[in-house]
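Understanding the architecture of this molecule
Spelled out from the first residue to the last, the chains are:
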Amino acid sequence: MSAEAKLREQICTIGRSIFDRGLTSGSTGNISARLDDGTWLMTPTNASLGRLDPARISRLDANGNLLSGDPPSKEIPLHSAMYDERSSAGAIVHLHSTHSVAVSMLPEVDPDNVLPPLTAYYCMRCGRVPLLPYFIPGDPALGDAIRGVAGKASTVLLANHGPVVAGKDLEAATNAVEELEETAKLYLMLRNLNPRLLTPEQVAEIEHKYPIK
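Structural notes, computed from the coordinates. Computed from a predicted structure; not experimentally measured.

1. Examining the overall build of the chain
Along the chain, the regular secondary structure elements total 7 helices and 8 strands. Radius of gyration (C-alpha) of the chain: 17 Å, near the 17 Å computed for a compact globule of 213 residues. Its C-alpha atoms give the chain principal-axis dimensions of roughly 50 × 35 × 30 Å. Within the chain, the proportion of its 213 residues that are buried is 48%. A separation threshold of at least 6 residues defines the contact pool for the chain, and within that pool the share at least 24 residues apart is 67%. Accessible surface for the chain amounts to roughly 10,300 Å². Of this, 51% is attributable to carbon and sulfur atoms. Averaging the positions of the 20 positive and the 25 negative side-chain charges in the chain gives two centres separated by 3 Å.

Following this line, the structure appears as structure tokens:
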């Protein structure tokens, strides 16, 4: 099996896992992954992540133009901007996961870093997560906004929309978006309860030992 065929299968397997565990619903969310030749694969538009067909996944050139497969997700500008700004990124996962979206709507969150350092794995996998303003899905302006922050952050939260996570590969991106969702759930559970956070010194130690690529 070729590297591309394996990646197509992996996208479908991970998409099904994400869908089955309720991290996205309906035809929301999208996944992309880069191939060694600079082209990338992306889940099609209006496709449920729980029912993907490897043969129908979109294949795009480095500029986001469709080469083969079904028409891709309308969120091409979002993924393209992430890849442009993060040369180390091999995959991107964008979900409408419930708790992360809920946090994006709260008035008190810091737009420069939406969640406090509740756990070590959140700091290791997500780092500091900025909040971007609301854009209608598929708006090219969202790509411009992503370019303003993606060089410094591998994980971004879109207001009233959901998280966008880049990783060195599909597994890393998926692990990070799941960690964000679990931390968002913890935050909502502990909101206004004055939980004990990791100290700045503890966070600095994590960032030094486990830098996000």
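2. Observations concerning the nonpolar core
The biggest cluster of nonpolar side chains holds 37 residues, and the ones touching the most others in it are I11, I18, I31, V93 and L115. Of all the secondary-structure elements, those providing two or more residues to this core are α1 (3-20), β1 (30-34), β5 (91-94) and α6 (170-190). The element that contributes the greatest number of residues to this core is α6, accounting for 7 residues. Leaving out residues up to four positions away in the same chain, V93 has contacts with I18, N30, I31, P163, V164, V165, L170, A173, T174 and V177. Residues W40, M42, I76 and L142 belong to the second largest nonpolar core, which totals 20 residues.

3. Overview of the pattern of salt bridges
Evaluation of the coordinates by the stated rule reveals 11 salt bridges. Put simply, D37 and R59 hold a salt bridge, and the shortest N to O gap is 3.1 Å. Taken together, the residues span a long stretch of sequence, with D37 in the loop between β1 and β2 (40-42) and R59 in strand β3 (residues 58-60) at a distance of 22 residues. Owing to a relative accessible area of 52%, D37 belongs among the exposed residues under this scheme. Close ionic contact of R128 with E207 constitutes a salt bridge, the shortest N to O distance being 3.2 Å. Placement of R128 in the loop between α4 (120-125) and β6 (131-132) and of E207 in helix α7 (residues 200-209) is noted, with a sequence separation of 79 residues between them. Since its relative accessible area comes to 32%, E207 is described here as partly exposed. Beyond isolated ion pairs, a larger network of salt bridges with shared partners links E4, R8, D37 and R59.

4. Details of the packing of helix α2 (residues 76-85) against helix α5 (residues 140-149)
Closest axis-to-axis distance for the α2/α5 pair is 8 Å, and the angle between their directions is 25°. If you check the angle between α2 and α5, you find them roughly parallel. Crossing of α2 over α5 shows right-handed handedness. On α5, the residues touching P77, L78, S80, A81, M82, D84 and E85 of α2 are P140, L142, G143, I146 and R147. Here the residues of the contact of α2 with α5 sort into 7 nonpolar, 2 polar and 3 charged.

Definitions and limits used
- Residues numbered from 1 in each chain as written.
- Predicted model: local features only at pLDDT ≥ 70, side-chain atom pairs only at ≥ 80, totals over all residues.
- Heavy atoms only, no water.
- Helix = DSSP H or I, 4+ residues; strand = E, 2+ residues; numbered from the N terminus.
- Rg over C-alpha atoms; globule rule 2.2 N^0.38 Å.
- Buried < 20%, exposed > 50% of the residue type's maximum accessible area, 1.4 Å probe, protein only.
- Contact = heavy atoms within 4.5 Å.
- Areas by Shrake-Rupley, 256 points an atom, 1.4 Å probe, with all protein chains shown as cover.
- Lys, Arg positive; Asp, Glu negative; His and termini not counted.
- Charge placed at Lys NZ, Arg CZ, Asp CG, Glu CD.
- Core = buried A, V, L, I, M, F, W, Y, C linked by side-chain atoms within 4.5 Å.
- Salt bridge = Lys/Arg side-chain N within 4 Å of Asp/Glu carboxyl O.
- Axes fitted to C-alpha atoms, helices over the stretch in contact; angles between N-to-C directions.
- Parallel < 35°, antiparallel > 145°, perpendicular 65-115°, else oblique.
- Left-handed = near helix turned anticlockwise from the far one by under 90°.
- Nonpolar A, V, L, I, M, F, W, Y, C, P; charged D, E, K, R; others polar.

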